[in-house]
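# A closer look at the structure
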Amino acid sequence: MGCKIAFIGAGSIGFTRKLLSDLLTVPEFSHMEVAFTDINEDNLRMVTSLCQRDIEANGLDIQIQATLDRREAFRDAKYVINCVRIGMLEAFATDVEIPLKYGVDQCVGDTLCIGGIMYGQRGVAAILDFCKDIREVAAPGCILLNYSNPNAMMTWAANKYGQVETYGLCHGVQHGHAQIAQALGRDKKDVDIICAGLNHQTWYISVKTEGVERTGELYPLMCQAEFARDENIRLDVMKHFGYYSTESNGHLSEYLMWYRKRPEEMEQWINYSSWIQGETAGYLRVCKESRNWFETDFPNWMKEDPLRYVPEKRSEEHGSYIIESLETGRTYRGHFNVMNNGTITNLPDECVVEVPCYVDANGISIPRVGDLPLGCAAVCSQSVWVQKLAVEAAVQGDIRLLYQAGMMDPLTGAVCTPGEICQMVDEMLIAQEKWLPQYAEEIQGAKQRMQGELLPYRPVKGFTLQEKTVEEMAVEKEKYRQMASEAAKENVK
């Protein structure tokens, strides 16, 4: 099968290499066309060198088309895989560091809270440009597979305004599925789940073994599981709402209004076993470490044995399975982010939901889930309106809607007054000016306002670990090599 697949943000080296390896594990794809595009010439060169070496070592006759011109990469593509981070770490730092001056403490800041809202402003502007190019030069009916965060906002904008069939992909459901199976003492393949909600706020509303519903038994079993000490926020939410949620402690804590608003109480909810347990700006620290380590360690990657394209090395990322199913007809079931359109009946039709989907040669089929449990729907409903405000603000360059998105965000609104939120947004717009063309006029107004009388800052120090040096990381180089590979999805574009 000779279809063409283009990767944008291909300089996300570890992630791109993994996705390509997944695809080329499929025997029918041994003659596919592959295009890589990125704005970072050095990273594009490195990922192309690595992946081309892997391809040749596996005996495949594929020559990667690497180009800085995304339209050339998209030309005649049947699938485009998006894994960009607009603004790289420079912009990401402002997503989490400026809010700390206003008392808003985030662990990641890439999906909701004020960091995710601002990240969405950059990402939506970019993905609409990508969609324009796809409509104009890609193969008719080209499908966009979006891995970039904030996933729901990006997928929403691409479908509604980009007019390109787009599916948002994430691996959160698979990770929680494995935890549930562990708590039940079963193999993952023997535990059937239905997970539904919003990306990073998806709920395991049905868990069955041998056809028997086990959801009502889960809470005490999860509390006794080996991983329970690292999931105290997820388990607290489960205690009150009855269902386990997909996102890990640190991420989940910043989507809600309860766990990060009082610095003096945060210690009871976070630990330092890993950044994802809730460390302030933990993901930014890890991305910085990973970038520094990768720049030091990359020459060693080229000295190692190439990847082997074998089934046992294939990851759980959805992208390769979706394309395989569409092209070969083999059936695949996964949980994807799609426009709701009545799939979850107690959430708005016009929003992006994460729900079970089936894929075969006839396309992607989306079963009707029905109502979420009422409490779960209520949590998601808050986030939906923040997402809608943020998407519409990004598309229109409307600062009033952007202010409103910040005010309606649960954690931001729990910590800040409306005046503080508006001032914080102004400051972030100015810091991110070069990535926000749609706000050019509004940013000039923000600059004037920031020269006037300002509300006082209410900074929080947060709970941050010391960034490790390259020398310190070298002591555990295998650990940090793996971390650099995984984090590369988000730290180099």
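Residues numbered from 1 in each chain as written. Predicted model: local features only at pLDDT ≥ 70, side-chain atom pairs only at ≥ 80, totals over all residues. Heavy atoms only, no water.

This part covers the overall build of the chain. Per the secondary structure count, the chain includes 19 helices and twelve strands. Taking 493 residues into account, the globule formula puts the C-alpha radius of gyration at 23 Å, and the chain, at 22 Å, falls close to it. The principal-axis extent of the C-alpha atoms belonging to the chain is close to 65 × 55 × 50 Å. Residues counted as buried form 61% of the 493 residues belonging to the chain. Look at the contacts in the chain between residues 6 or more apart in sequence, and 71% of them connect residues 24 or more apart. (Helix = DSSP H or I, 4+ residues; strand = E, 2+ residues; numbered from the N terminus. Rg over C-alpha atoms; globule rule 2.2 N^0.38 Å. Buried < 20%, exposed > 50% of the residue type's maximum accessible area, 1.4 Å probe, protein only. Contact = heavy atoms within 4.5 Å.)

What follows covers the pairing of strand S2 (residues 33-37). Burial within S2 is extensive, with four of its five residues counted as buried. Sheet topology note: the strand S1 (residues 4-8)/S2 ladder contains five bridges and is parallel. Pairing of Lys4 across the sheet is with Glu33, part of S2. In this view, the connection linking S1 to its parallel neighbour S2 by way of helix H1 (residues 13-24) has right-handed handedness. (Pairing = 2+ DSSP bridges. Right-handed = clockwise from strand over helix to strand, strands pointing away.)

Evaluation of the coordinates by the stated rule reveals 13 aromatic pairs. Ring centres 5.2 Å apart and planes at 85 degrees place the aromatic pair Tyr102 and Tyr457 in the edge-to-face group. Taken together, the positions of Tyr102 in the loop between helix H4 (88-101) and helix H5 (113-137) and Tyr457 in the loop between helix H17 (440-449) and helix H18 (470-474) put the pair 355 residues apart, joining distant regions of the chain. Judged by its relative accessible area of 2%, Tyr102 falls in the buried class. (Phe/Tyr/Trp six-rings, centres within 6.5 Å; stacked < 30°, edge-to-face > 60°.)

With that out of the way, let us pick up unusual backbone geometry. Across the junction of Asn149 and Pro150, the peptide omega takes the value -5 degrees, indicating a cis bond. Along the chain, Pro150 falls in the loop between strand S5 (143-146) and helix H6 (151-160). With a phi close to 50 degrees, Glu210 is a non-glycine residue in the positive phi region. Within the fold, Glu210 resides in the loop between strand S8 (201-209) and strand S9 (212-213).

Throughout the structure, instances matching the rule amount to 32 salt bridges. Between Arg186 and Glu210 there is a salt bridge whose closest N-O contact spans 3.9 Å. Of this pair, Arg186 sits in the loop between helix H7 (172-184) and strand S7 (192-198) while Glu210 sits in the loop between S8 and S9, placing them 24 residues apart in sequence. Residue Arg186 is classed as partly exposed on the basis of its relative accessible area of 30%. By relative accessible area, which is 70% here, Glu210 ends up exposed. Ionic contacts of the salt-bridge type, sharing partners, join the residues Arg70, Arg71, Lys132, Asp133 and Glu136 into one network. (Salt bridge = Lys/Arg side-chain N within 4 Å of Asp/Glu carboxyl O.)

Two elements in contact, H5 and helix H13 (residues 374-396), have axes separated by 9 Å at closest approach and are oriented at 50 degrees. Of the possible angle classes, the one that applies to H5 and H13 is oblique. For the pair H5 and H13, the sense of crossing is right-handed. Along its contact with H5, which presents Ile117, Gly120, Gln121, Val124 and Leu128, the element H13 presents Val386, Ala390, Ala393, Ala394 and Val395. Of the residues belonging to the contact of H5 with H13, the class tally is eight nonpolar, two polar and no charged. (Axes fitted to C-alpha atoms, helices over the stretch in contact; angles between N-to-C directions. Parallel < 35°, antiparallel > 145°, perpendicular 65-115°, else oblique. Left-handed = near helix turned anticlockwise from the far one by under 90°. Nonpolar A, V, L, I, M, F, W, Y, C, P; charged D, E, K, R; others polar.)

Further remarks concern the pairing of S1. In terms of residue burial, S1 counts as a mostly covered element, since five of its five residues are buried. Of the two faces of S1, the one lined by Lys4, Ala6 and Ile8 and the one lined by Ile5 and Phe7 are each fully buried. As judged from the four bridges shared by S1 and strand S4 (residues 79-82), these two strands associate in the parallel manner. Across the sheet, Phe7 pairs through a bridge with Ile81, a residue of S4.

The next subject is the environment of Gly172. As for its position among the elements, Gly172 is in helix H7. Sequence separation between Gly172 and Gln277 is 105 residues; the distance between their C-alpha atoms is 15 Å.

Tracing the chain through its elements places Asp236 in helix H9 (residues 232-241). Among all residues touching Asp236, those that are not within four sequence positions of it are Tyr259 and Trp269.

Compared with an ideal rise of 1.5 Å per residue, which puts 25 residues at 36 Å, H5 spans 36 Å between its outermost C-alpha atoms and is within 8% of the ideal. With 20 of 25 residues buried, H5 is to be regarded as a mostly interior element. (Expected span 1.5 Å × (residues − 1).)

So, on to the environment of Thr417. Following the sequence through the fold, Thr417 ends up in the loop between helix H15 (410-415) and helix H16 (418-431). Overall, the relative accessible area of 40% leaves Thr417 in the partly exposed class. As for Thr417 and Gly11, which are separated by 406 residues in sequence, their C-alpha atoms are 40 Å apart.

Okay, the confidence of the model for the chain next. With 95% of its residues at a pLDDT of at least 70, the chain reaches an overall mean of 93. Residue range residues 488-493 is modelled with pLDDT below 50. Its contacts to residues more than four positions away, or to other chains, number 32 contacts. (pLDDT = per-residue confidence, 0-100.)

Here the focus is the packing of H4 against helix H11 (residues 282-301). Geometrically, a packed helix pair is captured by the angle between its two axes and the distance between the axes. Between H4 and H11, whose axes approach to 10 Å, the crossing angle comes to 160 degrees. Looking at the two axes, H4 sits roughly antiparallel to H11. Regarding H4 and H11, the two cross each other, and that crossing is left-handed. Listed contacts from H11 to Leu89, Phe92, Ala93, Val96 and Glu97 of H4 are Tyr283, Leu284, Cys287, Lys288 and Arg291. Within the contact of H4 with H11, the residues separate by chemical class into seven nonpolar, no polar and three charged.

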